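Here is how the chains run, residue by residue.
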Amino acid sequence: MRVGQKVRVKTCRDLVSKEISAKIGQVGVIQGEKIVDGGKMGYIVTFSDDQSTWFFGDELESVN
């Protein structure tokens, strides 16, 4: 995964808000990286509605 890459949210690992779970299946763009949860890498994703949130890499898939 890299900054600027288009990705689709395929799942949410943890219990999350309705707003975040509504992003499953949506496509966004990686805006940055974030170290989360004991040193694991997360990715900040921005969507077409200008909302941003972070996801673990295994929650995302590349979109061509």
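Residues numbered from 1 in each chain as written. Predicted model: local features only at pLDDT ≥ 70, side-chain atom pairs only at ≥ 80, totals over all residues. Heavy atoms only, no water.

1. Concerning the pairing of strand E3 (residues 40–47)
- Two elements, strand E2 (residues 27–36) and E3, share eight bridges in a ladder whose sense is antiparallel. Bridged to Glu33 within E3 is Tyr43.
- By the bridge criterion, five bridges tie E3 to strand E4 (residues 52–56) in an arrangement that is antiparallel. Looking at the pairing, Thr46 lines up with Ser52 of E4. (Pairing = 2+ DSSP bridges. Helix = DSSP H or I, 4+ residues; strand = E, 2+ residues; numbered from the N terminus.)

2. Observations regarding the nonpolar core
- Counting nine residues, the largest nonpolar core consists of Val7, Val9, Cys12, Ile30, Tyr43, Val45, Phe47, Phe55 and Leu60.
- The residues contacting Tyr43, other than those within four sequence positions of it, are Met1, Ile30, Gly32, Glu33, Thr53, Trp54, Phe55, Gly57 and Leu60. (Core = buried A, V, L, I, M, F, W, Y, C linked by side-chain atoms within 4.5 Å. Buried < 20%, exposed > 50% of the residue type's maximum accessible area, 1.4 Å probe, protein only. Contact = heavy atoms within 4.5 Å.)

3. A short note on the confidence of the model for the protein
- Averaged over every residue, the pLDDT of the protein is 91; residues scoring 70 or more account for 97%.
- Ranking the helices and strands of the protein by mean pLDDT puts strand E1 (residues 6–9) first, with 98, and helix H1 (residues 18–21) last, with 84. (pLDDT = per-residue confidence, 0-100.)

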